[in-house]
Amino acid sequence: MAKTVKAASPPRGKFPPFHIHPIILKYWSLGGAGSWLGPNTTPITTCPDGVGSFQHYANGSIYYHPATGAHEIHGLIRARWSSLGWERSFLGYPVTDETATPDGIGRYNHFQGGSIYWSPATGAWEVHGLIRNKYAALGWERSFLGYPLTNENTTPDRIGRYNHFQGGSIYWSPSTGAWEVHGAIRGQWAALGWERSALGYPISDELSVFGGAGRISHFQHGSIYWSATAAARVLRERVRVHVKCLEIPVSFTLNEQFAAMQEVYAIGGIRVDWATTENLALPSLNDVDVGSCNMGVVTAEQTSLFGNRNFVGVNEMVAYFVRSTVPALNGCAAFPPGRPGAVIVRSASRWTLGHELGHVLGLSHVSNNDRLMTGLGTFNITNPPPDLIASEISTMIGSGLSTPL
Ligand SMILES: [Zn+2]
């Protein structure tokens, strides 16, 4: 019966009787035949599912389903929905009218199974599922991603899915979930071959590195690091570092020292994982006797200190932060057999952590203040971040303390 209801003007001064079709009520609420929708071009028609119904107008449509109510859809968003198969597509029925985006630029309709976003610069594209959830969590079009530039597509490897956006991409696969990748890190990943590269799919959003200026995205088989000074670096190795504090650092925070270490190690393709942190109350070792601090030679106090390896796996390194060494040094990387680690004093430089653990990874001093392994004092480094050279990187990766990702 409702199929042939003719759209008319709302009766004046009279509450609409309950049997008026919700599509008619919506049409009236938008202004009826005099509105931008214009006159109807079809009767109210039952959808193929036998439950929903629609009416087309000169400039749009109204769709109704008992679960969603009646909503209008028009323009390029309607054209996109049409191209996907209307309400029979994964999008289902609209759950909103076309609505202005909070940024004031674009428009969207939400649907039971996703959304279509339009802006003048990008056109209308659908986003749905876990990719849409990630887009929503980041802040929709007001995030750095901006508006979608594609529908959700299948990746060339046939396993995953992605949407590209103005400011990046969101990639999903069944085993990894949905994560954003953007900027220079995305550029590096794209250059390597996206998900078909050795890195595989992203397993994190882009993250700050130890609170510093460096950025990192993690992938199934490695990470990509970026900073203004290091540019984009692919990390296929990692070292795991545990911190044990007898004293809290006073010149540079642990975050600053780890950020600096990662900045340098990224040049070598090595990721620095700060595994655990433990405070140790060992006052008798707080000014630790390091003797001559020669690799392979340790004092009784070093042996005692390096015995503290709670949580530390085989071939993982420990940085022990102390008040001072005796004699006074910035740090000392001599360690007992099978207990790789270094002592670092609380007043150490930004680069001392990376330098001392460089020794643990097999590096020797050089007389060059452009390099991390300068023997002239890391406070005197002249070109932050200091250099690692190819032979040093080979030594580090071959040390047994670095693991392929
Ligand atoms: Zn040194």
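What counts, and where the lines are drawn
Residues numbered from 1 in each chain as written. Predicted model: local features only at pLDDT ≥ 70, side-chain atom pairs only at ≥ 80, totals over all residues. Heavy atoms only, no water. 1 Å grid on protein atoms, 1.4 Å probe; cavity = no way out; pocket = protein on both sides within 12 Å on 5 of 7 lines; lining within 4 Å. Points joined across faces, edges and corners; volume = space filled by probe spheres on them. Helix = DSSP H or I, 4+ residues; strand = E, 2+ residues; numbered from the N terminus. Nonpolar A, V, L, I, M, F, W, Y, C, P; charged D, E, K, R; others polar. Donors = N, O, S within 2.8 Å, 3.2 Å for Na, K, Ca; no water. Buried < 20%, exposed > 50% of the residue type's maximum accessible area, 1.4 Å probe, protein only. Arc of directions from axis to C-beta. Contact = heavy atoms within 4.5 Å. Phe/Tyr/Trp six-rings, centres within 6.5 Å; stacked < 30°, edge-to-face > 60°. Disulfide = S-S within 2.5 Å.

Approximately 270 Å³ is the volume found for the largest pocket. Where the lining of the largest pocket is concerned, the elements lending two or more residues are β22 (331–332) and α7 (352–360). It is α7 that provides the largest number of residues to the lining of the largest pocket, a total of four residues. Counted by class, the lining of the largest pocket contains six nonpolar, 11 polar and one charged residues.

Let us look at the coordination of the zinc ion. The protein atoms donating to the zinc ion are H355 (NE2), H359 (NE2) and H365 (NE2), with metal-donor distances spanning 2.0 to 2.1 Å. Mapped onto the polypeptide sequence, the residues donating to the zinc ion form the spacing pattern H-x3-H-x5-H. Its relative accessible area of 13% is what places H359 among the buried residues. Given the relative accessible area of 48%, H365 is considered partly exposed.

Next up on the list: helix α2 (residues 75–84). All of the buried residues in α2 are I77, R80 and W81. Within α2, the buried residues cover an arc of 100 degrees as seen down the axis, which keeps them to one side. Elements that come into contact with the buried residues of α2 comprise β3 (60–65), β4 (69–73), β6 (107–111), β7 (114–119) and β8 (123–127).

Bringing unusual backbone geometry into the picture now. With the exception of glycine, the majority of residues adopt a negative phi angle, and the majority of peptide bonds are in the trans configuration. Following V326, the chain continues into P327 via a peptide bond in cis, with omega recorded as 0 degrees. Tracing the chain through its elements places P327 in the loop between β21 (324–326) and β22. With a phi close to 70 degrees, R158 is a non-glycine residue in the positive phi region. Mapping R158 onto the fold places it in the loop between β9 (153–154) and β10 (161–165).

This brings us to the packing of aromatic side chains. Here the structure, examined in full by the defined rule, presents 22 aromatic pairs. On the numbers, 4.4 Å between centres and 25 degrees between planes, the contact of Y27 with Y57 is stacked. Of this pair, Y27 sits in helix α1 (residues 22–29) while Y57 sits in strand β2 (residues 53–57), and the two are 30 residues apart along the sequence. The burial state of Y27 is the same as that of Y57; both residues are buried.

So, about the state of the cysteines. In total, this model carries one disulfide according to the counting rule given. In this model C293 forms its disulfide with C332; the gap between the sulfur atoms is 2.0 Å. Residues C293 and C332 are joined by a disulfide whose S-S torsion is about 110 degrees; by sign, that bridge is right-handed. Linking C293 in the loop between β19 (287–289) and α6 (300–305) with C332 in strand β22, this pair joins segments that are 39 residues apart in sequence. The thiol sulfur of C245 is not disulfide-bonded, and the nearest other cysteine sulfur, from C332, lies at 18 Å. Its relative accessible area of 4% is what places C245 among the buried residues.

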